[in-house]
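Here's the letter readout for the chains.
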Amino acid sequence: MIEVKNISKQFEDGYKVLDDINIVFETGKTNLVIGQSGSGKTVLLKTLVGLHEVNEGSINFDDRNFTSMNFTERKLVRQEFGMVFQGGALFDSLSVIQNVMFPLQMFSHLTHSEKLDRANFCLKRVDLINKNHLSPSEISGGMKKRVAIARAIALNPKYLFCDEPNSGLDPITSILIDNLIKEITEEYQITTIVNTHDMNSVMEIGDKVIYIYKGRKWWEGNKTQIFDTNNKELNEFIFASELTKMIKHKRG
Amino acid sequence: MKLFFHLGRYTKLMGKVFSRPGKASIFFKQILKEIDSLGINSLGIVIIIAFFMGVVITLQTAYNIENPFIPLYLIGLGTRDSMILEFSSTICGLILAGKVGSSIASEIGTMRVTEQIDALEVMGINSANHLILPKIIAAVFINPFLTIISIFIGIFGGWLAGVLSGAVSSENYIYGVQYAFEPFYVTYSLIKTLFFAFIITSVSSYEGFYCTGGALEVGKASTKAVVYSSLMILLFNVILTQLLLTH
Ligand SMILES: Nc1ncnc2c1ncn2[C@@H]1O[C@H](COP(=O)(O)OP(=O)(O)O)[C@@H](O)[C@H]1O
Ligand SMILES: [Mg+2]
């Protein structure tokens, strides 16, 4: 469980990107953070993992106050993190298998063959086989996301952070990636947070949905409640496309 | 002031760079990789430049010696001292600032804008230490060898040019190369090389590390890396010369 208490974040320019946000992200569930582009989703995610410091408030990982920790203390908690960045952030000097082995090299005390086995297991888990020796520039966007997920789960994380894991992917691949994240979350009882602006993801995997509007938490619920809300801004966001309007119409 | 901002941030970055590395085995592997990419890969360009420097210094010195009372062996001495004092350390330093500096800045800058540095940090890795320290150590270790090699190649180039053009005989040139040799000049040259190696790698890493934006900014960071490390080399050339050579 990740507890976010009253966090605010502003950069040097003085603009408040996050404004007094309170959220509880639940274990074993895919917690979706949705919102328009520029609403602050990435900043929220990066603040959670400590890539940005909060100006106010605190972040707690299963009752451990991450905000007040120093670099060395955070290092231990961070080994329980897995993160999938929007562009994948694969190390482009390393091959696919080396990317997945990287966290194991840095933090595990396994033998080389055990690390290799673990990396192969993770790649198989994300349905990516026979690509081990290609470099990140030689694989497709969907495959990059898979490698990024495999790398993120290599050390058996307790917390998984995904920033728009299906942006730039076709609808079929998107759904595969979404479901993969949900399966892994439930299988290993991970606290997963997924940033997205894709309503398909909400309908597919939205155990818990948080709507961010201009840096504030505007709405919270699940994928069934979301279609019945009368929150004006949320409705505009959900029913921006003809497809979602049609679904709403059919539901009556 | 911008200058103080950069100085402060650079110092802070170096503080992060010079901390204890994670796993020793990985760290040594990184250093070997950097020795190869920063040092061995620069050998070709250093050899070519040193050779032609030696050729030109010899030809110019020969051209300038018109007085028949000036002994011709001074051509060998001139080439030797010019290579040792200035060309091997400073000129090669400037060339490497261009070649190595731009590649370091674009490598680290690309890692920054594609969030690879963030990925390292999220894993709990000190990214500055992991990425930059191996480069600094590798360059500080390998560049003195490049300097020594370039001194020999330059002197050889001078000999070849002198003999082939008939400006000086082989015996005279070699006599000059050995005449009144001052070993401290080599020490001076190597000390400069160490400073320049540190400047090139740390300044270029700094430019890449704090790059924000996209491909365009990576390109700009790489240009800045070359400009600022060259300027710093010129500045430290004066400072070190003043400190080491004037009594
Ligand atoms: N490092 C930064 N410095 C200043 N402003 C930033 C920084 N990162 C993001 N922002 C601003 O924060 C806002 C939210 O951005 P972001 O979280 O990336 O949105 P999104 O919801 O699309 O992920 C934007 O207005 C952006 O310009
Ligand atoms: Mg974003």
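Residues numbered from 1 in each chain as written. Chains lettered and ligands numbered in written order. Predicted model: local features only at pLDDT ≥ 70, side-chain atom pairs only at ≥ 80, totals over all residues. Heavy atoms only, no water.

Asks: Looking at this structure, I do not really get the pattern of salt bridges. What am I missing?
Replies: Side chains that differ in sign of charge can pair as their charged atoms come close. Here the structure, examined in full by the defined rule, presents 22 salt bridges over all chains. Linking K46 of chain A and D118 of chain B is a salt bridge whose minimum nitrogen-to-oxygen distance equals 3.0 Å. Highlighted residues: K46 of chain A in helix α1 (residues 41-48) and D118 of chain B in helix α5 (residues 116-122), drawn from two different chains. Each member of the pair, K46 of chain A as well as D118 of chain B, carries the same accessibility label: buried. Here K135 of chain B makes a salt bridge to E107 of chain B, at a shortest N to O gap of 3.1 Å. Here the residue K135 of chain B occupies a position in helix α6 (residues 127-165), and E107 of chain B occupies one in helix α4 (residues 74-113), the gap between them amounting to 28 residues. Relative accessible area serves as the criterion here: at 1%, K135 of chain B is assigned to the buried category. (Salt bridge = Lys/Arg side-chain N within 4 Å of Asp/Glu carboxyl O. Helix = DSSP H or I, 4+ residues; strand = E, 2+ residues; numbered from the N terminus. Buried < 20%, exposed > 50% of the residue type's maximum accessible area, 1.4 Å probe, protein only.)

Asks: Got a minute to help me understand the pairing of strand β4 (residues 56-61) of chain A in this structure?
Replies: Successive residues of a regular strand alternate their side chains across the two faces of the sheet. Residue and element names in this part refer to chain A. Across five bridges, strand β1 (residues 2-10) lies against β4 in antiparallel orientation. Its bridge partner lying in β4, S8 is registered against E56. When β4 meets strand β5 (residues 64-65), the two strands line up antiparallel, connected through two bridges. Bridge pairing in β5 links F61 to R64. Hairpin connection between β4 and β5: a loop of two residues separates the two successive antiparallel strands, and D62 in this loop has a positive phi of roughly 45°. (Pairing = 2+ DSSP bridges.)

Asks: Would you mind showing me how to read the sheet that holds strand β3 (residues 30-34) of chain A here?
Replies: Two pairing modes exist for strands in a sheet, parallel and antiparallel, and in both the strands are linked by backbone hydrogen bonds. All names here are of chain A. What the six strands build is an open sheet, ordered β6-β7-β8-β3-β9-β10; its pairing is mixed. Sheet topology places β6 (81-84) and β10 (216-221) at the edges, where each strand pairs with a single neighbour. Ignoring strand direction, the axes of neighbouring strands in this sheet form an average angle of 20°. Pairing between strand β9 (residues 208-213) and β10: five bridges, direction antiparallel. If you follow Y213 over to β10, its bridge partner there is R216. This element, α1, spans β3, β6, β7 (159-163), β8 (191-196) and β9 of the sheet and lies at about 155° to β8. (Axes fitted to C-alpha atoms, helices over the stretch in contact; angles between N-to-C directions. Contact = heavy atoms within 4.5 Å.)

Asks: How should I be thinking about helix α7 (residues 170-178) of chain B in this particular structure?
Replies: Each α-helix winds once per 3.6 residues, and so residues spaced three or four apart point in a common direction. Residue and element names in this part refer to chain B. Those residues of α7 that fall on the buried side of the exposure criterion are Y173, G176 and V177. For α7, the buried positions fall inside an angular range of 100° around the axis, keeping them on one side. Within α7, the exposed residues directed more than 90 degrees away from the buried face are E171 and Q178. Buried residues along α7 sit in contact with α3 (43-64), α4 and α6. Phi for A180, located one or two positions after α7, is positive at around 45°. (Arc of directions from axis to C-beta.)

Asks: Help me understand the interface of chain A and chain B in this model?
Replies: Accessible area lost during the coming together of the parts is what is often quoted as the interface size. Between chain A and chain B, the residue contacts involve 24 residues of the former and 16 residues of the latter. Approximately 1800 Å² of surface area, both sides summed, lies buried where chain A meets chain B, with 65% of it carried by carbon and sulfur atoms. It is R78, F91 and M106 of chain A that lose the most area in chain A upon contact with chain B, and together they represent 27% of the buried surface on that side. Across the chain A-chain B interface, the total number found is two salt bridges. When contributions to the side of chain A that touches chain B are tallied by element, the ones reaching two or more residues are α2 (71-78), β6 and α3 (96-107) of chain A. In terms of residue count, α3 of chain A provides more of the side of chain A that touches chain B than any other element does, six residues in total. (Buried area = accessible area lost by both parts, 1.4 Å probe.)

Asks: How should the site of ligand 1 be read in this particular structure?
Replies: Residues and elements named next belong to chain A. Close contacts around ligand 1 come from F11, V17, Q36, S37, G38, S39, G40, K41, T42 and V43, and that covers them all. At a separation of 2.7 Å, an oxygen atom of ligand 1 approaches a polar side-chain atom of T42. Within the complex, 62% of the 560 Å² of free accessible area of ligand 1 lies under protein. Considering every element that reaches the shell around ligand 1, the biggest residue donor is α1, with three residues. (Near = heavy atom within 4 Å. Polar contact = N/O pair within 3.5 Å; in protein donor to acceptor, adjacent residues only side chain to side chain. Areas by Shrake-Rupley, 256 points an atom, 1.4 Å probe, with all protein chains shown as cover.)

Asks: How should the packing of helix α1 (residues 2-17) of chain B against α6 of chain B be read in this particular structure?
Replies: Each pair of packed helices can be summarised by the angle the axes make with each other and by the distance between the axes. All names here are of chain B. Taken N-terminus to C-terminus, the directions of α1 and α6 make an angle of 90°; their axes are 8 Å apart at the nearest point. Taken together, the axes of α1 and α6 are roughly perpendicular relative to one another. In contact with L13, M14, K16 and V17 of α1, α6 contributes A128, N129, I132, L133 and I136. For the contact of α1 with α6, the residue count by class is seven nonpolar, one polar and one charged. (Parallel < 35°, antiparallel > 145°, perpendicular 65-115°, else oblique. Nonpolar A, V, L, I, M, F, W, Y, C, P; charged D, E, K, R; others polar.)

Structural measurements only, silent on function.
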